[in-house]
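In case you want the letters, here they are:
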Amino acid sequence: LINPDKGLITVVEADGLDIEARRLILGTLLLSIFRYGLHKGNGTFDHNGKGPGCFVVMEESHELFGSTDKGEDQFTIAKRTEIFEGMFRRARASGLRLIAVAQQPSKLPDAVTANVSTVFIHKLRHSEDRDKAFSLLNWSNIMNQQVREYRYLGEMGVGYCIARLDAKDDYTDSAPVHFRTEQSFLNPISDATLLSYKN
């Protein structure tokens, strides 16, 4: 959870829990934040569109609201998808920015990804993941269109990315772009520097 307005970052690590417990804890936390935004009204998290908003980054999001192939009944899957689809559709109005990070985008429900406005794609080798990426980038592989792009999704070098941004004024704003990301670098901080912050 990242709140740039207040300079607050909260990391919730649930890696040691089984998938059902992870879904319960993380889903409850996310739903609470979402419900708070609904209760307080539009613009709650971003000063009515004038601030950056509150970011919720969900690592391995396909485990949180995707399919697990563990014999779940259809009602449970449909209800979970309905809840998260509602969040992704309505969160933006309150200034809540939901970021779903997934190594297997094909496991994310279409009802959720249909409400995603900005997409970043790195190397994908599995054909189902490439198909999902094509739909998110608004590309087509019917009749052997964009075969080169389809192949390239599995050949991209480390650090390269294809992005589709949210169109603001014209549909060309959302045309996919290819770029190389810079390696993140943080300056080392000594114990003496940390102690000086306390004073």
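Coordinates for the structure precede this section.
Remember, predicted model here, so these are calculated numbers, not experimental data.

Student: Which residues make up the overall build of the protein, and what values go with them?
Tutor: What the protein contains, in helices and strands, is seven helices and seven strands. When the helices and strands of the protein are read in sequence order from the N terminus, they spell out β-β-α-β-α-α-β-α-β-α-α-β-β-α. Expressed along its principal axes, the backbone C-alpha trace of the protein runs to roughly 65 × 45 × 40 Å. Counting across all 199 residues of the protein, residues that qualify as buried make up 31%.

Student: Help me get a handle on helix α1 (residues 19-40), residues and values and all.
Tutor: In this model, α1 (22 residues) spans 31 Å end to end at C-alpha, consistent with the 32 Å of a helix rising 1.5 Å per residue. Within α1, burial applies to Ile 19, Arg 22, Arg 23, Gly 27, Leu 30, Ile 33, Phe 34 and Gly 37. Take α1 and look down its axis: the buried residues cluster within an arc of 130°, on one side only. The exposed set on the far side of α1, more than 90 degrees from its buried face, consists of Glu 20, Leu 24, Arg 35, His 39 and Lys 40. Looking at the buried positions of α1, the neighbouring elements they touch are β3 (54-58), α2 (61-65), α3 (74-94) and β4 (96-100). Of the residues one or two after α1, Gly 41 is the one with positive phi, at around 105°.

Student: An account of the sheet that holds strand β5 (residues 119-121) is needed here, citing residue identities and associated values.
Tutor: If you trace the three strands from one edge of the open sheet to the other, you get β5-β6-β7, paired in antiparallel fashion. Each edge of the sheet is formed by a strand with only one pairing partner; in this case those strands are β5 and β7 (177-180). Neighbour-to-neighbour, the strand axes of the sheet open up by a mean angle of 30°, direction not taken into account. As judged from the four bridges shared by strand β6 (residues 160-164) and β7, these two strands associate in the antiparallel manner. Across the sheet, the residue bridging to Ile 162 is His 178, located in β7. Across the sheet, helix α5 (residues 127-137) is in contact with β5 and β6; its angle to β6 comes to roughly 45°.

Student: Any chance you could break down the pairing of β3 for me, citing the residues and the numbers?
Tutor: Alternating positions in β3 separate cleanly, Cys 54, Val 56 and Met 58 being buried on one face and Phe 55 and Val 57 remaining unburied on the opposite face. By the bridge criterion, five bridges tie β3 to β4 in an arrangement that is parallel. By the bridge assignment for β4, Met 58 is matched with Ala 100.

Student: Talk me through the side chain of Asn 3; I want residue IDs and the actual numbers.
Tutor: Within the element layout of this structure, Asn 3 appears in strand β1 (residues 2-3). In this structure the side chain of Asn 3 is engaged in a polar contact, spanning 3.1 Å, whose partner is the backbone nitrogen of Asp 5.

Student: Give me the lowdown on the nonpolar core, citing residues and values where you can.
Tutor: Counting 17 residues, the largest nonpolar core has Leu 30, Met 58, Phe 65, Phe 84, Leu 96 and Leu 98 as its most contacted members. Those elements giving two or more residues to this core turn out to be α1, β3, α2, α3 and β4. The element that contributes the greatest number of residues to this core is α3, accounting for four residues. Not counting chain neighbours up to four residues away, the residues in contact with Leu 98 comprise Leu 30, Val 56, Met 58, Met 87, Phe 88 and Ala 91. If you look at the next biggest cluster of nonpolar residues, it comprises 12 residues, including Phe 134, Trp 139, Tyr 150 and Ile 162.

Student: An account of the packing of aromatic side chains is requested, with residue identities and associated values reported.
Tutor: Using the criterion set out here, one finds six aromatic pairs in the structure. Ring centres of Phe 65 and Phe 88 lie 5.7 Å apart, and the angle between their planes is 65°; this geometry places the pair in the edge-to-face category. Pair noted here: Phe 65 is in helix α2 and Phe 88 is in helix α3, with a separation of 23 residues, a long-range link. Phe 88 carries the same exposure label as Phe 65, and that label is buried. Ring centres of Phe 120 and Phe 179 lie 6.4 Å apart, and the angle between their planes is 90°; on these two criteria the pair is classed as edge-to-face. A residue pair is termed long-range when its members are at least 10 positions apart, and Phe 120 in strand β5 and Phe 179 in strand β7 qualify at 59 residues.

Student: Which residues make up the pairing of β6, and what values do they have?
Tutor: Counting buried positions along β6 gives four out of five residues, so the element sits mostly inside the fold. Relative to β6, β5 runs antiparallel, the two being bridged by three bridges. Bridge pairing in β6 links Phe 120 to Ala 163.

Rules and cut-offs
Residues numbered from 1 in each chain as written. Predicted model: local features only at pLDDT ≥ 70, side-chain atom pairs only at ≥ 80, totals over all residues. Heavy atoms only, no water. Helix = DSSP H or I, 4+ residues; strand = E, 2+ residues; numbered from the N terminus. Buried < 20%, exposed > 50% of the residue type's maximum accessible area, 1.4 Å probe, protein only. Expected span 1.5 Å × (residues − 1). Arc of directions from axis to C-beta. Contact = heavy atoms within 4.5 Å. Pairing = 2+ DSSP bridges. Axes fitted to C-alpha atoms, helices over the stretch in contact; angles between N-to-C directions. Polar contact = N/O pair within 3.5 Å; in protein donor to acceptor, adjacent residues only side chain to side chain. Core = buried A, V, L, I, M, F, W, Y, C linked by side-chain atoms within 4.5 Å. Phe/Tyr/Trp six-rings, centres within 6.5 Å; stacked < 30°, edge-to-face > 60°.

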